[in-house]
Amino acid sequence: MTHSAGPPSPGRRRPNLWHWLSPRGSRAFVLGVGMAVGGLAGGVRSIVDGKGIWMAFGIFGVGVLGVVLTIAWILTYARER
């Protein structure tokens, strides 16, 4: 095994997917709000339309993940400011 010490070699490096979705970026906030609104409204709509309990739970799950992502972004923003 060869491990080099020090910083990586210079050059353009692309950020990975987690960098783009980290709760520090504004993209995460917009994604979280969109998921929260769409998931919660879609879950209510699927219950009203009688689509099935599992589909409604799945759509509500997307909404809950959106709420969690939005809250994580707000807490991270407040901590940095």
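Refer to the preceding data block for the structure.
All figures in this text were calculated on a predicted structure; none of them were measured in a lab.

1. Focus on the environment of Phe-29
Examined against the element boundaries, Phe-29 turns out to sit in helix α2 (residues 26-49). On a C-alpha basis, the gap between Phe-29 and Ala-72 in space is 8.8 Å, while along the polypeptide they are 43 residues apart.

2. Some words on the pattern of salt bridges
Pairing between side chains of opposite charge can happen when the charged atoms of each approach one another. For the structure on display, the rule yields 1 salt bridge. One salt bridge connects Arg-45 with Asp-49, and the closest N-O pair in it is separated by 3.0 Å. Residue Arg-45 and its partner Asp-49 are located together in helix α2, separated by 4 residues, close to a single helical turn. The partly exposed category is assigned to Asp-49, whose relative accessible area is 41%.

3. Topic: α2
Across its 24 residues, α2 extends 34 Å between first and last C-alpha, which sits within 8% of the 34 Å expected from 1.5 Å per residue. All of the buried residues in α2 are Ala-28, Gly-32, Ala-36, Gly-39, Gly-43 and Ser-46. Residues of α2 that are buried sit in contact with α3 (53-80).

4. Focus on the side chain of Thr-76
With respect to the secondary-structure elements, Thr-76 resides in helix α3. Here Ala-72 takes part through its backbone oxygen, which lies 2.8 Å from a polar atom of the side chain of Thr-76. Discounting residues that sit within four places of it in the chain, Thr-76 has contacts with Pro-23 and Arg-24.

5. Side note on the environment of Pro-23
Here Pro-23 is to be found in the loop between α1 (17-20) and α2. Since its relative accessible area comes to 29%, Pro-23 is described here as partly exposed. A C-alpha to C-alpha distance of 9.1 Å links Pro-23 and Leu-75, two positions 52 residues apart in sequence. When neighbours within four sequence positions are excluded, Pro-23 is seen to be in contact with Ala-28, Ala-72, Trp-73 and Thr-76.

6. Some points on the packing of aromatic side chains
Within the structure shown, the criterion is met by 3 aromatic pairs. Measuring from centroid to centroid gives 5.1 Å for Trp-73 and Tyr-77, while their planes differ by 10°, and the two rings are stacked. Taken together, the positions of Trp-73 and Tyr-77, both in helix α3 and 4 residues apart, correspond to about one turn of that helix. For Trp-73, a relative accessible area of 16% corresponds to the buried category. Feature note: the residues Phe-29, Trp-73 and Tyr-77 constitute an aromatic cluster, connected by ring pairs.

The rules behind the values
Residues numbered from 1 in each chain as written. Predicted model: local features only at pLDDT ≥ 70, side-chain atom pairs only at ≥ 80, totals over all residues. Heavy atoms only, no water. Helix = DSSP H or I, 4+ residues; strand = E, 2+ residues; numbered from the N terminus. Salt bridge = Lys/Arg side-chain N within 4 Å of Asp/Glu carboxyl O. Buried < 20%, exposed > 50% of the residue type's maximum accessible area, 1.4 Å probe, protein only. Expected span 1.5 Å × (residues − 1). Contact = heavy atoms within 4.5 Å. Polar contact = N/O pair within 3.5 Å; in protein donor to acceptor, adjacent residues only side chain to side chain. Phe/Tyr/Trp six-rings, centres within 6.5 Å; stacked < 30°, edge-to-face > 60°.

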